[in-house]
Each structure stands twice: as C-alpha cells, then as structure tokens.
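What the coordinates show
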Amino acid sequence: MTQQERTKHNLWILWFANFFVAGSMTMVLPFISLYIESMGNFSETYVEHWSGITFGITFVSAFLFSPIWGKIGDRYGRKKILIISGLGMGLSILFISFAESVWELLLFRFFMVFFSGFIPMSQAFISTQTPKEIAGRILGTLQTGSITGTLLGPMVGGVLADAFGYSATFKWTSFFIFFSALLVMATKEFRIEMKQGEQSHYSSKEVILHIIKNPVMLTVLLISTLVQIAHFSIQPILSLFVAKLHGPVNIAFYSGIAFSAAGLGNLLMSRNWGKIADKHGYIKVLVILLFFSGIVYLPGAAVTEYWQLVVIRFILGVAIGGIIPVRIAYIRQEAPIAMQGEVLGYNNSLRFLGNIIGPMMGGFISGYLGFSAVFISTSALLLISGVILLISMHKHLKLAKHTA
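To keep things clear, this report deals only with the structure shown in the data block.

Calculation criteria
- Along each chain, the written sequence defines residue order, and numbers are assigned to residues from 1.
- Reporting of local features is limited, given that this is a predicted model, to residues whose pLDDT is at least 70; pairs of side-chain atoms are given and counted only at 80 or more, and all residues count toward the totals for whole chains, interfaces and linings.
- Each side-chain value is derived from all of the structure's non-hydrogen atoms; neither hydrogens nor water enter the calculation.
- Strands are runs of DSSP state E lasting at least 2 residues, helices are runs of H or I lasting at least 4, and numbering of each runs from the N terminus.
- What the globule rule says is 2.2 Å times the number of residues to the power 0.38, and the radius of gyration is computed from C-alpha atoms.
- Each residue's exposure class comes from its accessible area (1.4 Å probe, protein chains only) as a fraction of the maximum for that residue type: buried when under 20%, exposed when over 50%, partly exposed otherwise.
- Here, two residues are considered to be in contact whenever any of their heavy atoms come within 4.5 Å of each other.
- For accessible areas, the Shrake-Rupley method is used with a probe of radius 1.4 Å. Any residue's cover is judged against the shown protein chains and nothing else.
- Neither His nor the chain termini are counted; the positive set is Lys and Arg, and the negative set is Asp and Glu.
- By convention, the charge on Lys lies at NZ, on Arg at CZ, on Asp at CG and on Glu at CD.
- Here the aromatic set is Phe, Tyr and Trp, taking the six-membered ring for Trp, and pairing holds for ring centres within 6.5 Å; pairs whose planes are under 30 degrees apart are stacked, those over 60 apart are edge-to-face, and all others are tilted.
- Lysine and arginine charges are scored as sitting over a ring when NZ or CZ, respectively, is within 6 Å of the ring centre and within 35 degrees of the ring normal.
- Pairing of N or O atoms within 3.5 Å defines a polar contact, subject to two protein rules: one partner must be a possible hydrogen donor and the other a possible acceptor, and residues neighboring in sequence count only if both atoms are side-chain atoms.
- A fitted line through C-alpha atoms serves as each axis, taken over the contacting stretch for helices, and the angle formed by two N-to-C directions is quoted from 0 to 180°.
- Angle categories: roughly parallel below 35 degrees, roughly antiparallel above 145, roughly perpendicular from 65 to 115, and oblique for all the rest.
- Handedness of a crossing follows from how the near helix is turned relative to the far one, being left-handed for an anticlockwise turn of less than a right angle and right-handed for a clockwise one.
- When residues are sorted by character, Ala, Val, Leu, Ile, Met, Phe, Trp, Tyr, Cys and Pro go into the nonpolar class, Asp, Glu, Lys and Arg into the charged class, and all the rest, Gly among them, into the polar class.
- Remark: nonpolar core denotes a set of buried residues (Ala, Val, Leu, Ile, Met, Phe, Trp, Tyr, Cys) joined through side-chain atoms within 4.5 Å.
- How far a helix is expected to stretch is found by multiplying one less than its residue total by 1.5 Å.
- For patches, a residue must show more than 30% relative accessible area and have no salt bridge; joins then use 9 Å for like charges and 5 Å for nonpolar side chains, namely Val, Leu, Ile, Met, Phe, Trp and Tyr.
- Criterion for a salt bridge: a side-chain nitrogen of Lys or Arg within 4 Å of a carboxyl oxygen of Asp or Glu.

1. A word on the overall build of the chain
- Helix and strand counts for the chain come out as 18 helices and zero strands.
- At 20 Å, the chain has a C-alpha radius of gyration in line with the 22 Å of a compact globule built from 404 residues.
- Along the three orthogonal principal directions, the C-alpha set of the chain runs to about 65 × 45 × 35 Å.
- Counting all 404 residues of the chain, 59% fall into the buried class.
- Taking as baseline every contact in the chain between residues at least 6 positions apart, the subset at least 24 positions apart corresponds to 87%.
- A total of about 16,000 Å² of accessible surface is found on the chain, and carbon and sulfur atoms cover 70% of it.
- With 28 positive and 17 negative side-chain charges, the chain shows a separation of 11 Å between the mean positions of the two kinds.

Below, the structure written as structure tokens:
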C-alpha cells in the first residue's frame, strides 16, 4: 500500500470514528439543561446558570492537558492517544448516566474531558500525513465526519431521551464512543517525509518561540478563544430558548433539530471552504468567515418563531463551517511536521478556554439580560475577531502570504 493509499485509508477510518464521537457527544447536548432540571425542583435562573457551568467545566481539564497530549503525540504517536481518549471518554460518560445530583454530573463531566480531544487529535494525525497544498480540502473532508455526527446526534439523542429517558441516552453515548476507539486500531500511523535538515523533535520552548515569532499565527491561535466563546455561548441554553419559542411538547427532539441545523450548513460547506482556502489563501478566507458568521448571528436577537431560529442556525453553519479546517490547514502550512501536534495542542487549549468561558457567559447573560443579549454579544465577538485578524494580516503581509 502506497503512502497516498494509506492516508486515504486512515482518513476514512477516522471519518467514521469522528462521526461516532461527535454524534455521541451531541446526542446529550440538547438536554443537558433538561437533565439538570430533572434532578430537583429548581428555578429557571438556577438551571440556566448551572447549565452553563456544567457545560463549560468539561473543557477545564481539556484546556490544561491539550498541549501535553499534543507533545506526547508528536513524540510517541497519536494513534495510542486516540485509543486512550476514546476509552476514557466512554467510561466517564457511562458514569454520568448514574449521576443523581448536579454536583455528581459536574464531577463526571470534568473527568470526561481529561480524556477528550479525540477529534482535534485525529486532525493532527491526518495533518502530518497530508501535503500542505491540499491540507484544506483533506481536513475539510475529515471534518465532514464530525459534522455529520453533529448533525444526526442531537436528533437521535432527542428521540432516545423522549422515548427512554436521559440516563439511557448517556449509556448509548458511551457505547458509540467505545466503538470509535476500536475503529482507530485499524489505522496505520506515519508522517510525510520531512525536509532535509529539518529537526525531528522540538522542545516546548522552541515551539513557543516559533509561534511568538509569527504574529499572524499567534493571532490565529488567540482568536480561537474568541470564536469558541461566541459559538458556545448559546449551546447550553438553546433547549431553554427552543422551549420558549416552541413550547414544552417533545422539547428534546425540537432542540435536537435546532442543534442539527447548524451541522447541516456546516456539512454542506466545510470541504468547499477548505478547497477555496487552498486556492486563495487561508488567512483571507478566515477573515471572510469571521465577518460572515458575525453578521449572520445578529438576527438571532430578534427571533420570535422556532423556524426562524432553525434558519439562522443553518446559515450560521454555512458560515462557521470552514473556520476549523482552514485554521488547521494554516497551521499545517506554518508549523514544521515535528511540532504540529504541540502547536495544535496550544490551539485546542485556547479553543477549550473559549469553551469554558462561552457557556458560563451565555448562561449568566441569558439569566440576567435575556436570550437576545446572548446573540448580540456573540455577534460582536465574531466581528471583533475578524477585525483583529484583518489588522494582523495587513501589518504582517509576508507572514500571511499563502504558500500552499
């Protein structure tokens, strides 16, 4: 089997693994707040606040450990890390199905993310096997696996939750994640050939200096936090917003559709955004996507009907779908192969920082100012991110130059 054939083989195995992981994780997202609500007689504000905290706490340990897992992957291989990640997440989610209080749920969610990062690690796994001139297209293809899972997961989770209850849905989630870990065992890990004279290993100090010396890359990494704050601010309270718009009937199912609408738009455009960025430049396309996403999110503040929310979520998916593969393809272009896992680890860590802040911010803003304020603040953050990257691009034109 040639290198190209092995890469294709690995790509499709990880496509399905990402599909099951993303689908399983998003099966429970639409009803996290409803799960908390079922644990006691709580006020609406209490549920909104704890939904944000419980949702965000899962990313605290991921924020701390992502660079470490990335460095270990660079040194010892990413296949082992992916298997450990899948098994650890599956076991943690199984424990969540037995939670009887908000504090138990909070504790198990925290430990779950110690093993998280499966999808980002799989992106690093494929990135180091991919020539940089087609990185956007390949990584965009890989992302369609997680997007398809994200698209179907909330609807399947909503149906299971309505039919069998929340605890049973968590058990199904753990089963599918265990299966994803088994799929990874069928991959073959390798790296494309490094340039002559290129280092085979880098210290953490060398990796950090490499990032600091490239202000555009540093900006791209820091913006990861702002983008995730914006994107995740609405996630933990979306089911409560759907209940307000649609009513309490089959709320888990309709929340799942609202979640999935963004996934459908994402699925349709993710690979295409990667191809466009391969041709025209990763930074240029990132700037366009950030402004597009910010503009699309703003009308959510004026939503009065359920269908309007679904339409906005779909268009947002189209806009935001290319940000992750294009960002990773840019890192693939700028970072040497031997340090890419650690660089992507810092990227993931900053993303998880946004995942921590976003849900808590969304929960508190909605609790005190209402749902509309969450959409306005989200739109503002995305537009600010676009402005920051645009300024950085013009100040450092040589570093933003597309070389793929």
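Moving on from the coordinates now.
2. A closer look at the packing of aromatic side chains
- Tallying each qualifying case throughout the model produces 12 aromatic pairs.
- Judged by centre distance (6.1 Å) and plane angle (50°), the ring pair of Trp12 and Trp15 falls under tilted. Residue Trp12 and its partner Trp15 are located together in helix H1 (residues 3–27), separated by three residues, close to a single helical turn.
- Among the residues examined, Trp12 registers a relative accessible area of 39% and is labelled partly exposed.
- Judged by centre distance (5.6 Å) and plane angle (85°), the ring pair of Tyr254 and Tyr306 falls under edge-to-face. Taken as a pair, Tyr254 in helix H12 (residues 251–280) and Tyr306 in helix H14 (residues 306–320) lie far apart in primary sequence, 52 residues in all.
- Its relative accessible area of 13% is what places Tyr306 among the buried residues.
- One cation-aromatic arrangement involves Lys171 over Phe98; the distance from NZ or CZ to the ring centre is 4.4 Å.

3. Description of the side chain of Thr187
- As for its position among the elements, Thr187 is in the loop between helix H8 (166–184) and helix H9 (204–212).
- Given a relative accessible area of 4%, Thr187 falls into the buried group.
- At 2.7 Å, the side chain of Thr187 and the backbone oxygen of Val184 are in polar contact.
- Once residues within four sequence positions are removed from consideration, Thr187 is found in contact with Asn10, Ile13, Leu14, Lys79 and Phe125.

4. Overview of the environment of Pro336
- Looking at the element boundaries, Pro336 is found in the loop between helix H15 (323–334) and helix H16 (340–369).
- Overall, the relative accessible area of 18% leaves Pro336 in the buried class.
- Each C-alpha atom of the pair Pro336 and His210 lies 9.6 Å from the other, and the pair is 126 residues apart in sequence.

5. Re the packing of helix H6 (residues 118–127) against helix H7 (residues 135–164)
- For the pair H6 and H7, interaxial distance at closest approach is 10 Å and the crossing angle is 150°. By the angle class used here, H6 and H7 are roughly antiparallel. Here H6 and H7 pass one another in a crossing that is right-handed. For the pair formed by H6 and H7, the contact residues are Ile119, Ser122, Gln123, Ile126 and Ser127 on the first element and Ile138, Leu139, Leu142, Gln143 and Ser146 on the second.
- The class makeup of the residues in the contact of H6 with H7 is five nonpolar, five polar and no charged.

6. A short note on the nonpolar core
- Core analysis: the biggest nonpolar cluster contains 65 residues, and Ile283, Leu309, Val343 and Leu389 have the highest contact counts within it.
- Once residues within four sequence positions are removed from consideration, Val343 is found in contact with Val207, Ile211, Met217, Leu221, Ile331 and Ala335.

7. A few points about the environment of Thr128
- One can find Thr128 in the loop between H6 and H7.
- When its relative accessible area of 1% is taken as the criterion, Thr128 is described as buried.
- For the pair Thr128 and Ile337, spaced 209 residues apart in the sequence, the C-alpha separation amounts to 6.0 Å.

8. Digging into H16
- Taking 1.5 Å per residue as the helical rise, H16 with its 30 residues ought to reach 44 Å, and the 41 Å between its terminal C-alpha atoms agrees with that figure.
- With 21 of 30 residues buried, H16 is to be regarded as a mostly interior element.

9. Section: a nonpolar patch on the surface
- Together, Phe292, Trp307, Val311 and Ile315 give the surface a local cluster of nonpolar side chains, amounting to about 370 Å² of exposed area.
- Per-element accounting of the nonpolar patch gives the leading share, three residues, to H14.
- Of note, Ile315 is situated in helix H14.
- You can call Ile315 partly exposed: its relative accessible area is 34%.

10. Some words on the packing of H7 against H15
- At a closest axis distance of 8 Å, the pairing of H7 and H15 adopts a crossing angle of 140°. Relative to H15, the element H7 lies oblique. You can see that H7 and H15 cross each other, and the crossing is right-handed. Residues Ala135, Gly136, Leu139, Gly140 and Gln143 of H7 lie in contact with H15, whose contacting residues are Ile324, Pro325, Ile328, Ala329 and Arg332.

11. Structural notes on the environment of Gly256
- Inspection of the secondary structure puts Gly256 in helix H12.
- The spatial distance from the C-alpha of Gly256 to the C-alpha of Leu245 is 14 Å, given a sequence separation of 11 residues.

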